[in-house]
Amino acid sequence: PAFSPHGIDLGRRADGQWQVLAVNHGGRESVEFFQLLEESEGYRLAWRGCALPPADSHMNDVSALPGGGFVATHMFSRSSPSIGPVSLALLKGMLGFDTGHVLHWDGQRFVVAAGTRMPFPNGIQVSPDGKALFVNAYIAGEVRKIGFPDGELLGKVNVKGPDNSQWDAEGRLLVASHTAGIVELGACFGITEGACGAAFAIVAVDPRSMKEQTILEHRGAPMGAATVAQQVGDDLY
């Protein structure tokens, strides 16, 4: 009940320590800070604090900035009402209206990052130099490259239902793309046994050219609707 993690990020601080950031929807809406420690019996996480976003925030993903602090996606307001089973925020996003933005935490306070308002901001990654944000506008079907902190739109690429992103060994963004239609995705909410088999793809995006290449497509068993892909050696998880 106290800790319900959503997006996570592993980064190295200026002091050389490894830090894990985790969006929390449990007892509070927050970004929790953990230190990753290697010990004789393996790894463990030590809690080191948290940052509380503005009231009514509903965050999704988080990414550390190389100079300290972090950025996190705020999808829509938690108080957004529903019309039957459908939230008003979802309807607004489908009509092309912006529902959320990126929050920047500088170590002291949260501010809205310039140029980041969009329909359902989902996954986020930061360029190694910290000068660009790569934000997945889920309902708009776009991965946007946005200058940081000035907010200039540096590029974008169409990717259907882009969920979360992760870097691969070549420095490309691996984007989990929900290619299933709304009916197929909606059917997953009625599943009481087994896994959702909704179609998805893993799309590699070149962060310089913003060109995309689909490297995996899948539907059905053993699982569908993948939300993130992680490369480990020659394998993809």
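What comes next concerns the included structure. (Residues numbered from 1 in each chain as written. Predicted model: local features only at pLDDT ≥ 70, side-chain atom pairs only at ≥ 80, totals over all residues. Heavy atoms only, no water.)

**Here's the deal with a nonpolar patch on the surface**
On the surface, a nonpolar cluster with roughly 480 Å² of combined accessible area is contributed by Leu88, Leu91, Met94, Ile182 and Val183. Listing elements by their share of the nonpolar patch, those giving two or more residues are α1 (88–94) and α2 (182–187). It is α1 that contributes the most residues to the nonpolar patch, 3 residues altogether. On the accessibility criterion, Val183 (70% relative accessible area) is exposed. (Patch = residues over 30% accessible without salt bridge, like charges linked within 9 Å, V, L, I, M, F, W, Y side chains within 5 Å. Areas by Shrake-Rupley, 256 points an atom, 1.4 Å probe, with all protein chains shown as cover. Salt bridge = Lys/Arg side-chain N within 4 Å of Asp/Glu carboxyl O. Helix = DSSP H or I, 4+ residues; strand = E, 2+ residues; numbered from the N terminus. Buried < 20%, exposed > 50% of the residue type's maximum accessible area, 1.4 Å probe, protein only.)

**Looking at the packing of aromatic side chains**
For the structure on display, the rule yields 7 aromatic pairs. Chaining the aromatic ring pairs together yields one cluster made of Phe33, Phe70, Trp105 and Phe110. (Phe/Tyr/Trp six-rings, centres within 6.5 Å; stacked < 30°, edge-to-face > 60°.)

**Some words on the pairing of strand β16 (residues 173–178)**
Looking along a regular strand, one sees side chains alternate from face to face of the sheet. Within β16, 6 of the 6 residues are buried, which leaves the element mostly enclosed by the surrounding structure. With antiparallel pairing between neighbouring strands as the criterion, strand β15 (residues 162–167) and β16 make up a hairpin whose turn holds 5 residues, including Gly171 at a positive phi of roughly 85 degrees. (Pairing = 2+ DSSP bridges.)

**Side note on the environment of Ile202**
Within the secondary structure, Ile202 sits in strand β17 (residues 200–205). Looking at Ile202, the relative accessible area reads 2%, which means it is buried. When the C-alpha positions of Ile202 and Ser82 are compared, they lie 31 Å apart, and in sequence the two are 120 residues distant. Setting aside anything within four residues of it in sequence, one finds Ile202 in contact with Leu174, Val175, Ala176, Gln213, Thr214, Ile215, Leu216, Ala229 and Leu236. (Contact = heavy atoms within 4.5 Å.)

**Observations regarding the sheet that holds strand β13 (residues 142–147)**
If you trace the 4 strands from one edge of the open sheet to the other, you get β11-β12-β13-β14, paired in antiparallel fashion. The sheet terminates laterally at β11 (121–126) and β14 (153–158), the two strands that pair on one side only. Mean inter-strand twist for the sheet, computed between neighbouring axes without regard to direction, equals 20 degrees. Two elements, β13 and β14, share 5 bridges in a ladder whose sense is antiparallel. Looking at β14, one finds that Glu142 is bridged to Asn158. (Axes fitted to C-alpha atoms, helices over the stretch in contact; angles between N-to-C directions.)

**A look at the sheet that holds strand β1 (residues 5–12)**
Sheet strands pair by backbone hydrogen bonding; their relative direction is either parallel or antiparallel. The antiparallel open sheet is built from 4 strands, whose spatial order is β1-β2-β3-β4. Either end of the sheet is taken by a strand with one partner, and the two such strands are β1 and β4 (42–51). Strand-to-strand twist in this sheet, taken as the mean axis angle between neighbours without regard to direction, amounts to 25 degrees. As judged from the 6 bridges shared by strand β2 (residues 18–24) and strand β3 (residues 30–39), these two strands associate in the antiparallel manner.

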